[in-house]
Amino acid sequence: MRIVLVGTAYPMRGGIAHYTALLYKYLAQRHKVWVISFRRQYPTLLFPGRSQMEQGGPAWPVPSEPILDTLNPFTWIRAAERIRLIRPDIAVFNYWMPFFAPCYTTVGYLVRRVGIRIVLLCHNITPHEPRPGDRLLNRLLLKQAHGFIVQSETVKQDLLSYRPDADFRLVPHPVYEIFPDRWDRATARRELGLSEDAQVLLFFGYIRPYKGLRYLIEAMPEVLQALPQAHLIVAGEFYEPSEPYRRRISELGLKDAVRLVDKYIPNEEVGMFFRAADLVVLPYVSATQSGIVQIAYHYGVPVVATAVGGLPEVIEEGRTGFLVPPEDHRALATAIVRFFREADRTRFAEHIRKAREKFSWERMVEAIESLVKG
């Protein structure tokens, strides 16, 4: 088949770009695939990070065409013309925020007029930080699509609230197996200045209020009381002011136990943090699904997370991790201590290996193929 993927790709940074690269890799093993990407995603004034571009090399090379600019409608028309010239059987749009709906709605409308099927691969429908107009933008875009991919029950219910008649496939977020893996536990810990016997917790990814980092910081005194060798690494760029977090770390006397690595982690360094970690912690207040869980599983690292959104669908209690209520730092501390005191690491590793089989890219490819026929 002939397939067009629309979404961010290298040199754009972030999880959607990584997702596009892996989806391209697996689709291209069976089909002819083109990638239409962005020249610019967000206006500088609305982007909370330091850069929208990767600082290092690509995790996986993707031959993309950077055409789209969310602020320039002429590029939307150009992208539609390019897709119409390719004449694909299907165009798959990575969708994760209503901000992109005007661009995607225009492109989708123009290409479906010549008989090209439109599939929305919905990472989110309801955004983590809602804004006025989101529902209208979602409604305009969702009616353009012939089919949908959702990756959690939460997003499925969001979709059906707009399109009860939707033709959809629910496929869990596949494992992120894209990052260079030149680290083992010992070398990763030496690089990060961690002792071999430290009990290392990792919070990974950019920091926004819905990620719930403050609850993990509040949990650390209780964790340290039970596990004096515990060490928390927060690896990710702050998309909100970092000073309140730094101040609270100081107030709780955690400066020696909590390290803030306030930067976007380049592809080449991701493996270092996960290989050094004993446990990945996701104290989210809200979620749909999380690519962080799938990075952790790739590296064989168990997860403690809050039972929000789609996280309970991918974390097996007592087998690949533990689930706790959101916004409860004491429950978070209890689960972390329980893991280090009671968990059989060998059994956890085996369960994670088995779980990875459920989160394959082949399943995603098969779902997309099935939507071509309608």
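Everything below is about the structure shown above.
None of the values given here were measured: they were computed from a predicted structure.

**Student:** Can you walk me through the pattern of salt bridges in this structure?
**Tutor:** Working definition: two side chains of opposite charge can pair if their charged atoms are close together. In the structure shown here, the tally under the stated rule is 21 salt bridges. Between R163 and D165 there is a salt bridge, with the nearest N and O atoms lying 2.9 Å from each other. The exposure class of D165 is exposed, given its relative accessible area of 56%. Between R189 and D278 there is a salt bridge; the shortest N-O distance is 2.8 Å. Within this pair, whereas R189 is found in helix 6 (residues 185-192), its partner D278 is found in the loop between helix 9 (267-276) and strand 11 (279-282), the two being separated by 89 residues in sequence. Neither R189 nor D278 differs from the other in exposure class; each is buried. Ionic contacts of the salt-bridge type, sharing partners, join the residues R185, R189, E196, D278 and R345 into one network.

**Student:** What am I meant to see in the sheet that holds strand 9 (residues 230-235) here?
**Tutor:** By definition, the strands of a sheet pair up through backbone hydrogen bonds, in either a parallel or an antiparallel sense. In space, the six strands of this open sheet follow the order 10-9-8-11-12-13, with parallel pairing throughout. Looking at the sheet topology across the chains shown, the edges are occupied by strand 10 (258-261) and strand 13 (321-324). For this sheet the average axis-to-axis angle between neighbouring strands, irrespective of direction, equals 20°. With two bridges joining them, strand 8 (residues 199-204) and strand 11 adopt parallel strand pairing. Within strand 11, the residue paired with L202 across the bridge is V280.

**Student:** How should I be thinking about the side chain of R189 in this particular structure?
**Tutor:** With relative accessibility at 1%, the residue R189 sits in the buried group. One polar contact links the side chain of R189 to the main-chain carbonyl oxygen of A276, over a distance of 3.0 Å. Excluding anything up to four places from it in sequence, R189 contacts L194, S195, E196, D197, A198, V200, A276 and D278.

**Student:** For this particular structure, what's the right way to read the packing of aromatic side chains?
**Tutor:** Each pair of aromatic rings is reported with the distance of its centres and the angle of its planes. Under the counting rule described, the total for this entry stands at 18 aromatic pairs. An angle of 80° between the planes, with centres 5.5 Å apart, marks the rings of F38 and F100 as edge-to-face. With F38 in strand 2 (residues 32-40) and F100 in the loop between strand 4 (90-95) and helix 3 (101-112), this pair connects stretches of sequence that are 62 residues apart. Accessibility expressed as a relative area gives 3% for F38, which makes it buried.

**Student:** Help me out: how do you make sense of the environment of D165 in this one?
**Tutor:** Tracing the backbone shows D165 in the loop between helix 5 (153-162) and strand 7 (168-170). Side-chain polar atoms of D165 contact the side chain of R163, separated by 2.9 Å.

**Student:** Is there a simple way to explain unusual backbone geometry in this structure?
**Tutor:** Of all residues except glycine, most have a negative phi; of all peptide bonds, most are trans. At the junction of Y10 and P11, the peptide bond is cis and its omega measures out at 15° in the coordinates. Inspection of the secondary structure assignment puts P11 in the loop between strand 1 (2-6) and helix 1 (15-27). The phi angle at R87 is positive, at roughly 55°, despite the residue not being glycine. Relative to the assigned elements, R87 resides in the loop between helix 2 (73-86) and strand 4. Positive phi, close to 60°, is recorded for E327, a residue that is not glycine. Mapped onto the elements of the fold, E327 is located in the loop between strand 13 and helix 12 (329-342). Judged by relative accessible area, E327 falls into the partly exposed class, the value being 49%.

Conventions we followed
Residues numbered from 1 in each chain as written. Predicted model: local features only at pLDDT ≥ 70, side-chain atom pairs only at ≥ 80, totals over all residues. Heavy atoms only, no water. Salt bridge = Lys/Arg side-chain N within 4 Å of Asp/Glu carboxyl O. Buried < 20%, exposed > 50% of the residue type's maximum accessible area, 1.4 Å probe, protein only. Helix = DSSP H or I, 4+ residues; strand = E, 2+ residues; numbered from the N terminus. Pairing = 2+ DSSP bridges. Axes fitted to C-alpha atoms, helices over the stretch in contact; angles between N-to-C directions. Polar contact = N/O pair within 3.5 Å; in protein donor to acceptor, adjacent residues only side chain to side chain. Contact = heavy atoms within 4.5 Å. Phe/Tyr/Trp six-rings, centres within 6.5 Å; stacked < 30°, edge-to-face > 60°.

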